[in-house]
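So the chains spell out like this:
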Amino acid sequence: VFSAYLGLLLDEDLIATTNRLNRHWHGKIAVLFDGKCGLCRRSVFMLTLLDHLNRLRCIDYWKTTERKAIAPKLTIATLDRAMHVIFPNKKVYRGFDGFRELAPHLPSLWLFLPLLYAPGITPVGRWAYARIAERRKRCNHKSCVFPSPRGRGPG
């Protein structure tokens, strides 16, 4: 029944709801990701789909001008280790911590918030994120544009 009522909503209703939820929110959350990594691009695509409140600004860190405007002090080597999330108040989170801080801003992930903040989940989440981030460098898929399975580089 609830889903049937959702079908009756007009675009104006959805816009009004988004505006109401964002009335105390100012600025965009910058998500810096590796635009040369297929896994990273797919992950950011999913984040974009989940961004119903329109709070995210996803930035490929290989685009120097955009990166320097948002995070001038972060180096490519630092950014290459994990996704970085920068909030309008300039707080920076990386990897699992960044994803966990993004979750409250993505309504589709609200169901997972208790799990993300459960006692003991932080070291497990950081470990899992680090393993995935490390293995993405070995990508042999055509969507990854690394010069070799172990190599990293701008080309």
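Look up: the structure comes first, before these words.
Residues numbered from 1 in each chain as written. Predicted model: local features only at pLDDT ≥ 70, side-chain atom pairs only at ≥ 80, totals over all residues. Heavy atoms only, no water.

Undergrad: Explanation requested: the pattern of salt bridges in the structure shown.
TA: In this structure the tally under the stated criterion is three salt bridges. The closest approach of N and O atoms between D97 and R126, which form a salt bridge, is 3.0 Å. Note that D97 is positioned in helix α6 (residues 95–102) and R126 in helix α8 (residues 121–135), a separation of 29 residues in sequence. By relative accessible area, which is 17% here, D97 ends up buried. Look at R126 and you get partly exposed, because its relative accessible area is 44%. Note that E134 is salt-bridged to R131, the shortest N-O span being 3.9 Å. Pair noted here: E134 and R131 are both in helix α8, with a separation of three residues, about one helical turn. For E134, a relative accessible area of 40% puts it in the partly exposed group. (Salt bridge = Lys/Arg side-chain N within 4 Å of Asp/Glu carboxyl O. Helix = DSSP H or I, 4+ residues; strand = E, 2+ residues; numbered from the N terminus. Buried < 20%, exposed > 50% of the residue type's maximum accessible area, 1.4 Å probe, protein only.)

Undergrad: Quick question: what am I supposed to make of a nonpolar patch on the surface here?
TA: Together, F45, M46 and L49 make up an exposed nonpolar region whose accessible area comes to about 310 Å². By secondary structure assignment, the location of L49 is in helix α3 (residues 38–50). Look at L49 and you get partly exposed, because its relative accessible area is 46%. (Patch = residues over 30% accessible without salt bridge, like charges linked within 9 Å, V, L, I, M, F, W, Y side chains within 5 Å. Areas by Shrake-Rupley, 256 points an atom, 1.4 Å probe, with all protein chains shown as cover.)

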